[in-house]
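Observations on the three-dimensional arrangement
One-letter residues, chain by chain:
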Amino acid sequence: MTPGTALRQMRETTPLVHCITNYVAMTIAANVTLAAGASPAMVHAPEEVGDFTPLSKALTINIGTLSAPWVLAMRLSAQAARTHDIPWVLDPVAHFATPYRTAVAQGLLALEPTIIRGNASEIIALSGGAGAGKGADSGDAVADAQDGAADLARRCGCVVVVTGATDFVTDGRRRAMVRGGSDLMPKVTALGCSLTALIGGYAAVAPPFEASVAALVHFAEAGERASGAAGPGSFQVAFLDALHRIQPEDLGEDRLTWL
Ligand SMILES: Nc1ncnc2c1ncn2[C@@H]1O[C@H](COP(=O)(O)OP(=O)(O)O)[C@@H](O)[C@H]1O
Ligand SMILES: Cc1ncsc1CCOP(=O)(O)O
Ligand SMILES: [Mg+2]
């Protein structure tokens, strides 16, 4: 499925995306997902996620701001997604930073995410390498994460997305890069988390690899359109507008390079 077709289907069906994300990201991730064309719901109480996930067309789990009840909710919803065959996306924010975070990420990995999306430092560490990341921001180049990402994809039977100046996506067999965006994107907090939520929206209507590519192309196009902004503040506004204004025919596959 092409990115344009995926966007058309997402907008026609406005899939409900169950998002468990962090306190920093909640508003922008919801706005990004809405602007692009899906319907996000931020639901994280352990008491209700087991009932809510099965109502959704996709689930996204982001470990940015953890605490024990959230971790329980993450596990319960990932288990529900597996039981009901709902695609789910893992965003392992800074999972290497503390033993607690590492253990939570490994526990979620065992629940077989459909797609993993992280920056280069996160994916290098998740694939067993030693990255330069310290917190939520990457300290590594996407190129250095590619082989580890492909190994991780094969080992986990999932699609792995590595983001940065140029993005990379692999299912362990196919490898593609997506170019575009703006160097203002890493200056706005939680855009990576927002991309994870949007990948959920696309995963509701397209197979995991194609869904990932479509979300990356949509972000790359919107980032480029907003790149004339004076700084990160007005960029965020222009980026949301661009996500909304982009039409299926704007999502050309010319941004994609097969490796
Ligand atoms: N230097 C850059 N140039 C263009 N786009 C970028 C750049 N850095 C990050 N992006 C884009 O920003 C989005 C978030 O990616 P990233 O910053 O890697 O995630 P995270 O916020 O999780 O660290 C992605 O769409 C990515 O393509
Ligand atoms: C700053 C911060 N701290 C904990 S989660 C978070 C947001 C990270 O967002 P992203 O990974 O998209 O930059
Ligand atoms: Mg991130």
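This is a predicted model, so every value here is computed, not measured.

Conventions adopted
- Residues numbered from 1 in each chain as written.
- Chains lettered and ligands numbered in written order.
- Predicted model: local features only at pLDDT ≥ 70, side-chain atom pairs only at ≥ 80, totals over all residues.
- Helix = DSSP H or I, 4+ residues; strand = E, 2+ residues; numbered from the N terminus.
- Rg over C-alpha atoms; globule rule 2.2 N^0.38 Å.
- Contact = placed C-beta atoms within 7 Å.
- Expected span 1.5 Å × (residues − 1).
- Buried ≥ 20, exposed ≤ 12 C-beta atoms within 10 Å, placed from the backbone.
- Near = placed C-beta within 6 Å.
- Nonpolar A, V, L, I, M, F, W, Y, C, P; charged D, E, K, R; others polar.
- UniProt positions renumbered as here; feature names shortened; annotations may be inferred.
- Pairing = 2+ DSSP bridges.
- Axes fitted to C-alpha atoms, helices over the stretch in contact; angles between N-to-C directions.
- Right-handed = clockwise from strand over helix to strand, strands pointing away.

1. Some remarks on the overall build of the protein
Per the secondary structure count, the protein includes ten helices and nine strands. Expected size for 259 residues packed as a compact globule is a radius of gyration near 18 Å; at 16 Å, the protein falls within 12% of this value. Overall, the protein is about 40 × 40 × 35 Å in size when its C-alpha atoms are taken along their principal axes. Sequence-distant contacts in the protein: of pairs separated by 6 or more residues, those separated by 24 or more amount to 72%.

2. Description of helix α9 (residues 208-226)
With 19 residues, α9 ought to run about 27 Å at 1.5 Å a step, and its terminal C-alpha atoms sit 27 Å apart, in line with that. Of all 19 residues that make up α9, 16 are buried, and the element is covered over most of its length.

3. Thoughts on the site of ligand 2
Near ligand 2, the surroundings consist of N22, V24, A25, G64, T65, V93, A136, T189, A190, L191, G192 and C193. Split into classes, the residues belonging to the shell around ligand 2 amount to seven nonpolar, five polar and no charged.

4. Focus: the UniProt feature "binding site: ATP" (unreviewed entry) in the protein
Per the UniProt entry, the sites bearing "binding site: ATP" (unreviewed entry) are R117 and T163 in this numbering. The annotated residues occupy 47 residues of the chain but converge on a single region, no pair of C-alpha atoms lying more than 7.6 Å apart. Tracing the sequence through the fold places R117 in strand β5 (residues 115-119). Note on R117: 31 C-beta atoms within 10 Å, which makes it buried. Discounting chain neighbours no more than four positions away, the residues touching R117 are V89, D91, V161, T163, L195, T196 and I199. When you line up the elements, T163 lands in strand β6 (residues 159-163).

5. Details of helix α7 (residues 146-156)
Looking only at α7, the buried set comprises Q146, G148, A149, A150, L152 and A153. Residues of α7 that are buried in the fold lie against β5, α6 (120-126), β6, β7 (166-170) and β8 (175-179). Backbone geometry just after α7 places G157 at a positive phi near 65 degrees.

6. Describing the sheet that holds strand β4 (residues 88-91)
On the basis of which strands lie adjacent, the open sheet formed by nine strands has the order β2-β1-β3-β4-β5-β6-β7-β8-β9 and mixed pairing. The sheet is open, and its two edges are formed by β2 (39-42) and β9 (256-258), each paired on a single side. Averaged over all pairs of adjacent strands, the angle between strand axes in this sheet comes to 20 degrees, irrespective of strand direction. Direction of pairing for strand β1 (residues 16-20) relative to β2: parallel, over a ladder of four bridges. Following the sheet pairing, H18 is matched in β2 by A41.

7. A look at the pairing of β1
Among the five residues in β1, four count as buried, and that is most of the element. In this fold, the crossover linking β1 to β2 by way of helix α2 (residues 26-36) has right-handed handedness. Inspection of the sheet shows β1 paired to strand β3 (residues 58-62) by four bridges, in the parallel sense. Pairing of I20 across the sheet is with I61, part of β3.

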